[in-house]
Amino acid sequence: MKAAACILGFLLAGALPAPAADAYNLFAWLSARLAPQDLARLASSADTFRVETLAEGLESPWAIVPAPDGRLFITERPGRLRVVRNGVLLPEPVAGVPPVAYRGQGGLLDMTLHPDYAQNRLVYLAYTVDAPQGMMTRVARFEETPAGLRPVAVVFAGFPGSDKSKHFGCRIRFGADRKLYLTLGERGEGRRAQDLMDLNGKTLRLNEDGTVPVDNPFVGRADARPEIFTYGNRNSQGMAVHPQTGWIFQTEHGPSWNDAPGGGDEVNLMVAGGNYGWPLAHHRATREGTVAPLAEYTPAIAPAGCTFYTGGQFQAWSGDFFFANLVGKKLVRLKLDGPRPTGQEFLLENAYGRLRDVAQGPDGLLYVITSDTDAYGPGRAGGDRLLRLVPRP
Ligand SMILES: [Ca+2]
C-alpha cells in the first residue's frame, strides 16, 4: 500500500501532467492485470518507408542520442563517443570520454542530455568501471565544449558486489519530472533484484546531481536503499518516457536458460515502488504483489533500446512505442491505448542483423543501430550500421 500511496503522491505532486493522472491510477491499473494479453498484428506499414544505411564501421554501438542541433551521438562500447552530422559519421570520436571497463557486456553504454542541454551543454554518460569487488556501472556528468567533454562530477559512483561481467542494464533518461532514471541489471545473480539493500536489478531515481529525491518510494526505510524507484528487474536495456503522460516504459530481458526457461522478455510500465517480479515471477506467471509486463515475448527476442514516435514523417506511427531487438533481429512497433498495448508490427525482421537501439532524430525520422560486432553477434566485416527509416513518396 505504501507504493500505491507513493504513486498517488507522485500524481498529486504534479510530477505527471494532469490529464494522465486523471485518466489512470497507474498502480491500481497495473495491479489489476494478471498477465499480458496476446497482441494482434497491426496492418503492415512496410510499404510506407525505405531503409537507408547512413553509416557503417561502428564497433559494438549501444546508444543513439539525438541532439537538438541536429547531430546524433552514438556510443560505442570500447569507449568511443561518435558524432553524426548532416548524415555523415565523423571519423574522430569526441575527446574526454573517461576510461571504461570494456569486458563482457560492459563498456561505454548509455548517454543522455540534460533537460536544459541547449543552454548548459551538460551530458551524462553511463559506463562500466572496475572496482575491487568487480565491475559496476557508473554515471558521470560532463560539459560538452568545442574541445570535447569536460568532466563535471560523478553522479552515481556505482554499486559493486558481483564478479560477473554481465547484466549492467543500462539506460539513463530524464523523466518528465526532471529526475534521472537509471536501469541496473541484477548482474546475473537473480536474488539481488529482490534485495532492497542492493542497487542491482533495479531502476534508480536520482536528482540531476546524483543526490536522492526526498519523494522516492523507499526514502525513510531502514531496510531499503532510498535510490530505488522499482525492483525485481532482471536486465532492462531500454527506457523511454512517454511524451504526453511522462510514463516511463522499459524493455527487459527475460531468462536465458541458465537461470530459468528462456524467453519471458518484457515491456514494462514503471511505477514508483513497483516489484517487477524477477526472479520470483517471470514469463506469464503471476504473483501477488508483483507487476505483470504489458507485453511478454517467448521465445526470446532480447529487447533493447526503445522510443516513442512523435515525429511528423509517419502519421500512422504517431504515439507508437518502438523497440529494437537483438535475438529477434527486428524492430517492434507497439500501438497503445493509454498504457494498454492494442497491437504490434514487426519491422526490419531478419534484414539487418541484431538491432540495439532506436531513436527519433530531430528531423522526425527513425534511426536504428545494429549490434553484430559485439561478443554475442556473428561479426560483420563492414562493422555495425546506422540505419535510417525514410518515408516512401
Ligand atoms: Ca517482470
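In this report, we go over the structure that sits alongside the text. Just so it is clear, the structure is predicted and the values come from calculations on it, not from any experiment. Here the residue index of a chain counts from 1 through its sequence in written order. Given that this is a predicted model, residues contribute local features only at a pLDDT of at least 70 and side-chain atom pairs are listed and counted only at 80 or more, while totals for whole chains, interfaces and linings are drawn from all residues.

Some points on the sheet that holds strand β17 (residues 295-297)
- Criterion used throughout: strands pair if DSSP finds at least two bridges between them. Helical segments are the DSSP runs of H or I of at least four residues, strand segments are the runs of E of at least two, and each set is numbered from the N terminus. The strand order across the open sheet formed by four strands is β14-β15-β16-β17, and the pairing between neighbours is antiparallel. The open sheet terminates on both sides in strands that have one partner only, identified here as β14 (236-241) and β17. Adjacent strand axes in the sheet meet at a mean angle of 20 degrees when their direction is disregarded.
- Pairing between strand β16 (residues 265-270) and β17: three bridges, direction antiparallel. Axis definition: a line fitted to C-alpha atoms, limited for helices to the stretch in contact. Angles are taken between N-to-C directions and run from 0 to 180 degrees.

Remarks on the environment of Leu 326
- Along the chain, the position of Leu 326 falls in the loop between β19 (321-325) and β20 (330-337).
- The exposure class assigned to Leu 326 is buried, which follows from the 23 C-beta atoms found within 10 Å.
- Sequence separation between Leu 326 and Arg 356 is 30 residues; the distance between their C-alpha atoms is 6.2 Å.
- We call two residues in contact when their backbone-placed C-beta atoms lie within 7 Å. Here Leu 326 is in contact with Ala 302, Ala 304, Arg 354, Leu 355, Arg 356 and Ser 371, once residues within four sequence places are set aside. In this scheme every C-beta is placed from the backbone, and a residue whose C-beta has 20 or more other C-beta atoms within 10 Å is buried, one with 12 or fewer is exposed, and one in between is partly exposed.

Looking at the nonpolar core
- Working definition: the nonpolar core is a set of buried Ala, Val, Leu, Ile, Met, Phe, Trp, Tyr and Cys residues, joined through C-beta atoms within 7 Å. Counting 93 residues, the largest nonpolar core has Leu 125, Leu 182 and Val 358 as the members making the most contacts within it.
- The contacts of Leu 182, once residues within four sequence positions are left out, are Ala 126, Val 139, Phe 156, Ile 172, Thr 203, Leu 204 and Leu 206.

A few points about the pairing of strand β8 (residues 134-145)
- Counting buried residues along β8, nine of its 12 residues qualify, which places the element largely inside the surrounding structure.
- Two strands pair when backbone bridges link them, and strand β7 (residues 122-131) and β8 are joined in this way by 10 bridges, in the antiparallel orientation. Within the sheet, the bridge partner assigned to Leu 125 lies in β8 and is Ala 140.
- In this structure, the hairpin formed by β7 and β8 is closed by a connection of two residues.
- The pairing of β8 with strand β9 (residues 148-156) spans seven bridges and is classified as antiparallel.

Quick look at the sheet that holds strand β10 (residues 172-174)
- The sheet built from four strands is open, its strands ordered β10-β11-β12-β13 with antiparallel pairing. What marks the edges here is a single partner per strand, and that holds for β10 and β13 (228-231). Strand-to-strand twist in this sheet, taken as the mean axis angle between neighbours without regard to direction, amounts to 20 degrees.
- Here strand β11 (residues 180-184) pairs with strand β12 (residues 202-206) via five bridges, running antiparallel. In the strand pairing of β12, Leu 182 is matched with Leu 204.

Topic: the environment of Gly 338
- Looking at the element boundaries, Gly 338 is found in the loop between β20 and β21 (340-347).
- With 91 residues separating them along the chain, Gly 338 and Trp 247 place their C-alpha atoms 10.0 Å apart.

Comments concerning the pairing of strand β3 (residues 72-76)
- A large share of β3 lies buried, amounting to five of its five residues.
- Going residue by residue along β3, you find Leu 72, Ile 74 and Glu 76 tucked away on one face and Phe 73 and Thr 75 tucked away on the opposite face as well.
- Where strand β2 (residues 61-66) and β3 come together, five bridges link them in antiparallel fashion. Across the sheet, residue Ile 64 finds its bridge partner in β3, namely Ile 74.
- The antiparallel hairpin formed by β2 and β3 contains five residues in its connecting segment, where Gly 70 sits at a positive phi of about 100 degrees.
- Note: β3 against strand β4 (residues 80-85), five bridges, orientation antiparallel. The residue of β4 that forms the bridge with Ile 74 is Arg 82.

Describing unusual backbone geometry
- For the bond running from Trp 278 to Pro 279, omega is -5 degrees, close enough to zero to count as cis.
- Pro 299 follows Thr 298 through a cis peptide bond whose omega is 0 degrees.
- The phi dihedral of Arg 121 is positive, around 60 degrees, even though this residue is not glycine.
- Within the element layout of this structure, Arg 121 appears in the loop between α4 (117-120) and β7.
- A positive phi is found at Arg 187, a non-glycine position, where the angle reads about 65 degrees.

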